[in-house]
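Now for the letters of each chain:
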Amino acid sequence: DYVIDHIGLAGAQAAIDFWENNLIPEIKDYLDVVDSIFCDSLEYDVAMEWTRGFEDIFYQQKGYDIRPYLPVIGQTGTYPVTNIAGYQFSDDSLTEQVRNDYLDVVSYCYNEYHLKPMQQMAEKYGLNLRYQVGYNKPFEVESAALYTGIPEGEALGRRSIDNLRTMSAAVHMGDKPQYSFEGAAEFINGYGQTWEDLMWWLKRSWAGGVNMQTLHGAGYAGNYYGPGNENGNVPGNKWPAFSLGSGMVSNVWNCITSPEQASYYLNYMGRHNYILQKTTKMDIAVYRNEYLNDGVGGDGSYIYPDDGILNSYGYSYEFVSPTLLDLENATIINGCLDEEGPAYKAMVIHNQKGMPEETAEKLLSMVEQGFKLVFVGETPSQEMYYEDVLSGNSDEKLQQTIQQILNNQNVIHVDNYDQVPQALEQLGVQPDADYETPADVLSMHTTDENIDY
């Protein structure tokens, strides 16, 4: 099967041309009841991410020729798995830095040449682009979520709340009103899923920053005219309905209860979304600068792997990348990062080996302005990108900047994750939800001009 190029402008233009020449004319009379154009999770299969003219784009972004370094370009942790040699230089640092440059440019292309023009096309017709961005592929999810009108996560095979937190900071710092979730999707439980099962998924999504849902699938009881069904009869066109996937995926949530019972749950969902679509306030920004996203992971807190300790002390958190720290609103006022938005009170940086020099200098400025910072385990000691090395920066210079940060009174370095709540308390950072004793409860805080929720 063919698929469009997801990191080249020609691919986006092909999709736009198809929409405008074929689909928009068919639905033009219904655009007032449609709010978005949707793209499901990225599952296309390529040997490696590349587009026509990529070497020129890379040179414009990074200032050197990528072609001599192609033997070391390789990655794991994507779906489907890529098929690249991925050799190692004898200099491991050089290998990592070149790969990070490549992945950074791939993310740039995905954002600028795919998501951006697709969102612009949607806005042309009064719509939004609702997109399950970034995961499965070697893209920076945090920045990709900035480029679509409605970012979306999903449930299918993805129990981890941390997966949803990779997009939520972009929603909150980017002042996006909606963060969607393909809820209800799970394997095997096709005709067994109850509303209580649905709530398990939805409560986790709310804790991850989501504030609207698209319930996956629907039992089908209409007519289908096509090969094998010339008379319009669909197998199981009565209760419990026909389910695509032979009942292996939970597509029949709409057929398991009466509309009267469903209304209680739908109203419950609506009230939560109403509150969560207000301005979100978040306690902690957890630093993340990663590109490889399988989108699955484990349960709970697998990206910030503290076994839920930070949450158990009442602290809410989400992931912030260098791209988000470059936003105009990423300023420190009254000791908070983006005071009018999520108003993070502190940042946690955990076992981060590489960091761009520019980001380290930004962090130094932030702590000098009163922002609080906790390092966990290994501190950054290596330039993140080969581009920075070629421009005159060095590991030694980065280490000096990090040491300046560590010497600041607003910064504490701890060895283990279980020491983080005490370090935050020592810095005077209190959670908005302050429990008498640690509890397995996940908190969210929103506000409007009248009240805090």
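In what follows, the accompanying structure is described. Worth saying up front: this structure is predicted, and the values here are computed from it rather than measured. (Residues numbered from 1 in each chain as written. Predicted model: local features only at pLDDT ≥ 70, side-chain atom pairs only at ≥ 80, totals over all residues. Heavy atoms only, no water.)

A short note on a nonpolar patch on the surface
A cluster of nonpolar side chains, contributed by Phe187, Ile188 and Met248, occupies part of the molecular surface with about 340 Å² of accessible area. Considering the arrangement of structural elements, one finds Phe187 in the loop between strand S4 (180–183) and helix H6 (195–207). (Patch = residues over 30% accessible without salt bridge, like charges linked within 9 Å, V, L, I, M, F, W, Y side chains within 5 Å. Areas by Shrake-Rupley, 256 points an atom, 1.4 Å probe, with all protein chains shown as cover. Salt bridge = Lys/Arg side-chain N within 4 Å of Asp/Glu carboxyl O. Helix = DSSP H or I, 4+ residues; strand = E, 2+ residues; numbered from the N terminus.)

Some words on the state of the cysteines
With the rule as written, the count across this model stands at zero disulfides. Cysteine Cys39 shares no disulfide, and the gap to the nearest cysteine sulfur, in Cys109, comes to 17 Å. For Cys39, a relative accessible area of 21% puts it in the partly exposed group. (Disulfide = S-S within 2.5 Å. Buried < 20%, exposed > 50% of the residue type's maximum accessible area, 1.4 Å probe, protein only.)

Digging into the environment of Gln119
Looking at where Gln119 falls in the secondary structure, it is placed in helix H3 (residues 92–124). Overall, the relative accessible area of 7% leaves Gln119 in the buried class. Those residues within four positions of Gln119 in sequence are excluded, and the remaining contacts are Asn128, Leu129, Tyr147, Thr148 and Gly149. Reaching out from Gln119, the side chain makes a polar contact with the backbone nitrogen of Gly149 at a distance of 2.8 Å. (Contact = heavy atoms within 4.5 Å. Polar contact = N/O pair within 3.5 Å; in protein donor to acceptor, adjacent residues only side chain to side chain.)

Notes on the side chain of Asn211
With respect to the helices and strands, the residue Asn211 is situated in the loop between H6 and strand S5 (214–215). If near-sequence neighbours (up to four positions away) are discounted, Asn211 is found in contact with Pro177, Gln178, Tyr179, Asn273, Leu276 and Gln277.

Some details on unusual backbone geometry
Across the junction of Tyr79 and Pro80, the peptide omega takes the value -10 degrees, indicating a cis bond. When you line up the elements, Pro80 lands in the loop between helix H2 (54–62) and H3. Here Asn136, not a glycine, exhibits a phi torsion of approximately 85 degrees, which is positive. By secondary structure assignment, the location of Asn136 is in the loop between strand S2 (128–131) and helix H4 (141–144). Here Asn351, not a glycine, exhibits a phi torsion of approximately 45 degrees, which is positive. Tracing the backbone shows Asn351 in the loop between strand S11 (346–350) and strand S12 (354–355).

Observations concerning empty space enclosed by the protein
Counted under the stated rule, the structure contains two cavities of 30 Å³ or more. For the largest cavity, the calculated volume is near 70 Å³. The wall of the largest cavity is formed by Glu154, Arg158, Arg159, Ser160, Ile161, Asn163, Leu164, Phe181, Trp201, Arg204 and Ser205. Of all the secondary-structure elements, those providing two or more residues to the lining of the largest cavity are helix H5 (161–173) and H6. Its residues assigned to classes, the lining of the largest cavity shows four nonpolar, three polar and four charged. Reported here for the second largest cavity is a volume of approximately 60 Å³. Surrounding the second largest cavity, 13 residues form its lining, Arg165, Ala207, Met282, Tyr317 and Met444 being those nearest its centre. Taken together, the elements giving at least two residues each to the lining of the second largest cavity come down to H5 and strand S8 (317–320). In terms of residue class, the lining of the second largest cavity is made up of five nonpolar, six polar and two charged. (1 Å grid on protein atoms, 1.4 Å probe; cavity = no way out; pocket = protein on both sides within 12 Å on 5 of 7 lines; lining within 4 Å. Points joined across faces, edges and corners; volume = space filled by probe spheres on them. Nonpolar A, V, L, I, M, F, W, Y, C, P; charged D, E, K, R; others polar.)

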